Amino acid sequence: MDVTFIEYITLYISTSVCVVSAAVYLLFYSKFSFYTPSVELESNTLDPVSIVIYSKNAFEALVKKIEKLGKQTYPSIEIIVVNDYSNDNTHDLYDEPRIKAILEDGHIKIKLLNVDQYENFSGTKSKKFALTLGIKAVTNDFIFFTDPHTLPSSDHWLEVMMRSKMDANLVIGHTSFARKRGLLSLLYRFTNVQSTMLSMTFARLSKPFRASETNVGFSKKLFMEQGGYVSHMQISGGATDIFINEVSNKATTSINIDTRTFQVSPHPQTFSDWLSHYFDTIRFFRHYTLHHKIVLPLLLFVNVLFFGALLFFLAVSSSLSPLIIEICTGLFLFRYICYYIVVGRGAIKLGQKDVVAILPILEVLSLVIRIIVRLITPKYRVKKIPFEQKNL
C-alpha cells in the first residue's frame, strides 16, 4: 500500500506524541499512583510534636480547629497559635471555655503568640515573620503546619503522619477541597488532584518543590540550618514552596497519602476565588530550582503536544486511509488508557473517585486554564482573597 505524505506525517506525529505522553504517566506519575505504603497504629512511644497554626481574624474557626486537634490520638501535642495582628477575640483565646476544657485534658499544651508584642526584625508585616516567631517558640524538634480553616479528616491525622515519616525531616500531606455538586466543583478537585500528584511524584523522586501549607511538617533543625525564610522574607507569600525548593537537595522527604491524614479545606465560594488560588500556586515558579524550571514546563508541553496531535489527526482524517485511521486511533486510545489507569488510580487514592468518570473533559478544561494562567501570570497581580482559599 502506498502511503501519502500526509499519512506519513500523521502517523509519525501520532506515534511519537502518544508514546511520549503515555511514558510520562507510566514512568513518572505512576511513582505516586502505585505507591502503597502501609502505616499501622502501633503502641510504641511517640516523640512529642508541635503544631504551628497561623491565624489572622479567624477566632471561631481557630477554636473549632483546636477542638478537633484535641480529639487527636497523639499522646503529647504542643500547639503554637501565631496571632498575626488579629482584631477579633484571638487575644483572649485562653479565656474561651472550650479552650479551657481542652487544656484540662492534659495531653495538649497551647501557647498563644501575639505577633504585635514582638519587635519586627523583618521590616514588614509578613506572614513569614509571624511563622518564624512561631517556629522559634516550639519546644519540640518536629513541627507540623496548618491553619484554622482546614480540618483533619480523622482523629489519627497526627499519629499516622508521624509514624510514616520514619527518618524524614520533611513530611508532605494532602489537603483537599470540601465536596459540592456540579462541574466546577469537579474541576476544582481535579486540578487539586493534579497538583498533589505532581508535587508528591517529585517528592518520591527526592526532588520536592511544593507542599500544602496546611498539611506539611519539617524539623526545626532543618529550618534553622537553612536560615529559615530570611532569603525571601520580603517576598509576599510562598513561605512553604520557596523554603522547600531551597532545601530540596538536603531534605529527606516522606509523603503521606493515607486518607486518615488528609486535611479538608472549605470549598471556593466563587470561580474567581479558585482562579486566584490557582494563580498563587505558580507565581513562585522563578524561585524553583533549575531542575524544576526545566521539567515542569516540559510536562505541560507534552500535554499540549498530545492535544495538538489529536486535533491535527481529526482535521486530516478525511484524507487518510482506513488503515492509518485505525492505527492512529489505536495510538490515541492507548495513551488515554494509560492516562485513565494512572490518573484515575491517583484520584481514587486521594478520595476523589467521582472525577474519574469525566477525566477527559476535566483534563481539557484544566489544560486550557493552565495555558492561560501561564501566559498571563507575569502581568497578573494576585488579588487578596480569604486566607482559607489560598493555602492548599
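About the thresholds
Residues numbered from 1 in each chain as written. Predicted model: local features only at pLDDT ≥ 70, side-chain atom pairs only at ≥ 80, totals over all residues. Heavy atoms only, no water. 1 Å grid on protein atoms, 1.4 Å probe; cavity = no way out; pocket = protein on both sides within 12 Å on 5 of 7 lines; lining within 4 Å. Points joined across faces, edges and corners; volume = space filled by probe spheres on them. Salt bridge = Lys/Arg side-chain N within 4 Å of Asp/Glu carboxyl O. Helix = DSSP H or I, 4+ residues; strand = E, 2+ residues; numbered from the N terminus. Buried < 20%, exposed > 50% of the residue type's maximum accessible area, 1.4 Å probe, protein only. Pairing = 2+ DSSP bridges. Disulfide = S-S within 2.5 Å.

Chemist: Lay out the layout of surface pockets in plain terms, naming residues and giving numbers.
Modeler: What the second largest pocket holds in volume is close to 230 Å³. Along the walls of the second largest pocket sit 13 residues, with Asn-44, Leu-46, Met-162, Arg-163 and Met-166 positioned nearest its centre.

Chemist: Please set out the pattern of salt bridges residue by residue, giving values where relevant.
Modeler: The tally for this structure, following the rule as stated, stands at eight salt bridges. Note that Lys-127 is salt-bridged to Glu-213, the shortest N-O span being 2.9 Å. Remark: Glu-213 occurs in the loop between α6 (183-204) and β8 (216-219) and Lys-127 occurs in helix α4 (residues 127-137); sequence separation between them is 86 residues. Take Lys-127: its relative accessible area is 23%, and that puts it in the partly exposed class. Between Asp-354 and Arg-189 there is a salt bridge, with the nearest N and O atoms lying 2.9 Å from each other. Of this pair, Asp-354 sits in the loop between α11 (322-349) and α12 (359-376) while Arg-189 sits in helix α6, and the two are 165 residues apart along the sequence. On the basis of relative accessible area, Asp-354 is assigned to the partly exposed category, the value being 32%. When its relative accessible area of 2% is taken as the criterion, Arg-189 is described as buried. Shared partners join several salt bridges into a network, and the residues in it are Glu-60, Glu-96 and Arg-98.

Chemist: A description of the sheet that holds strand β5 (residues 151-152) should follow, citing residues and the corresponding values.
Modeler: Overall, mixed pairing links the three strands, which are arranged β5-β10-β7 in an open sheet. The strands lining the two open edges of the sheet, one partner per strand, are β5 and β7 (175-177). For β5 and strand β10 (residues 263-265), the ladder comprises two bridges, and the chain directions are antiparallel. By the bridge assignment, Leu-151 is partnered in β10 with Val-264.

Chemist: How would you explain the state of the cysteines if you had to name every residue and give the values?
Modeler: Considering all chains together, one arrives at zero disulfides under this definition. Among the cysteines around Cys-328, which has no disulfide bond, Cys-18 carries the closest sulfur, lying 8.0 Å off. A residue is classified by how much of its surface remains accessible, and Cys-328, at 0% relative accessible area, is buried. This cysteine, Cys-338, is not joined by any disulfide, and Cys-18 carries the nearest cysteine sulfur, 9.7 Å off.

Fair warning: the whole summary comes from geometry, so function is off the table for now.
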